[in-house]
Amino acid sequence: MKENYYNDFIRKYFAKAYENLEDAKILAANKRWNACMNSMYFSSYYSVCAIMTKIGFEIRTHHGVKSKFFLDFIKTGQVDKDLGRLYADLFFNWQQENEFNEFINFDEARVLPMLSQISDFIDVLQNKVGDLVQR
């Protein structure tokens, strides 16, 4: 029964990840680069929350989620380091944007390359969750 409870959360996290990805695409099409960066971060964050839920990690802070993800999945090679860099860049940009909002202005050259990678990031983590189920 508890497994179904966590699986519901995992499905909801991935649904939010894909919803934020779609929002990011809409924002990019309208050249809303700061908001797009924020949506991309949350898309990746919700994906990481899903895999953290699968391994039983209690989600408390964004930094805690990031640290545990890097420790358990990036350092061990279960998730490619390039995807880890993408998540770290998004985390750093999101953190900067929240702390220095009026001074940060992202642009197309910075945002679009990351946007093209987010879908792969979500797919890799979704597949990894599936692999964890089969163990």
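Keep in mind it's a predicted model, so treat the numbers as computed, not measured.

1. Comments concerning the overall build of the chain
- The helix and strand inventory of the chain stands at five helices and zero strands.
- Secondary structure elements of the chain, listed N to C terminal, follow the sequence α-α-α-α-α.
- At 15 Å, the chain has a C-alpha radius of gyration in line with the 14 Å of a compact globule built from 135 residues.
- With respect to the principal axes defined by its C-alpha atoms, the chain has extents near 45 × 25 × 25 Å.
- When burial is assessed residue by residue, the chain has 41% of its 135 residues classed as buried.
- Across the chain, every contact between residues at least 6 apart in sequence was considered, and the portion connecting residues at least 24 apart equals 67%.
- Carbon together with sulfur atoms contributes 50% to the accessible area of the chain, which is approximately 7800 Å² in total.

2. Considerations on helix α3 (residues 62-74)
- For α3, the set of buried residues is Val 65, Lys 66, Phe 69, Phe 73 and Ile 74. On an axial view of α3, the arc spanned by its buried residues comes to 95°, and they lie on one face.

3. Points about unusual backbone geometry
- In this structure, Lys 31 is a non-glycine residue whose phi angle is positive, near 55°.
- Mapped onto the elements, Lys 31 comes out in the loop between α1 (2-29) and α2 (33-54).

4. Digging into the environment of Leu 83
- Checked against the element boundaries, Leu 83 lands in helix α4 (residues 81-99).
- On the basis of relative accessible area, Leu 83 is assigned to the buried category, the value being 13%.
- Taking the C-alpha atoms as reference points, Leu 83 and Asp 120, separated by 37 residues in sequence, lie 8.5 Å from one another.
- If we ignore the near neighbours within four places in the chain, the residues touching Leu 83 are Phe 121 and Val 124.

5. Comments concerning the packing of α2 against α3
- Look at α2 against α3: their axes get within 10 Å of each other, and the N-to-C directions meet at 60°. If you check the angle between α2 and α3, you find them oblique. The element α2 and its partner α3 pack so that their crossing is left-handed. Here α2 contributes Tyr 41, Phe 42, Tyr 45, Val 48, Cys 49, Ile 51 and Met 52 to the contact with α3, which in turn contributes His 62, Val 65, Lys 68, Phe 69 and Phe 73.
- In the contact of α2 with α3, the residues fall into 10 nonpolar, one polar and one charged.

6. Comments concerning the nonpolar core
- Core analysis: the largest hydrophobic core is formed by 42 residues, its most contacted members being Met 40 and Phe 69.
- When residues of this core are traced back to their parent elements, those giving at least two are α1, α2, α3, α4 and α5 (108-134).
- Top contributing element to this core by residue count: α2, with 13 residues.
- Ignoring any residue separated from it by four or fewer positions in sequence, one finds Met 40 in contact with Ala 24, Leu 90, Val 111, Met 114, Leu 115 and Ile 118.

7. Some details on the side chain of Ser 44
- Mapped onto the secondary structure, Ser 44 falls in helix α2.
- Setting aside anything within four residues of it in sequence, one finds Ser 44 in contact with Tyr 87, Leu 90 and Phe 121.

Reading guide: rules and limits
Residues numbered from 1 in each chain as written. Predicted model: local features only at pLDDT ≥ 70, side-chain atom pairs only at ≥ 80, totals over all residues. Heavy atoms only, no water. Helix = DSSP H or I, 4+ residues; strand = E, 2+ residues; numbered from the N terminus. Rg over C-alpha atoms; globule rule 2.2 N^0.38 Å. Buried < 20%, exposed > 50% of the residue type's maximum accessible area, 1.4 Å probe, protein only. Contact = heavy atoms within 4.5 Å. Areas by Shrake-Rupley, 256 points an atom, 1.4 Å probe, with all protein chains shown as cover. Arc of directions from axis to C-beta. Axes fitted to C-alpha atoms, helices over the stretch in contact; angles between N-to-C directions. Parallel < 35°, antiparallel > 145°, perpendicular 65-115°, else oblique. Left-handed = near helix turned anticlockwise from the far one by under 90°. Nonpolar A, V, L, I, M, F, W, Y, C, P; charged D, E, K, R; others polar. Core = buried A, V, L, I, M, F, W, Y, C linked by side-chain atoms within 4.5 Å.

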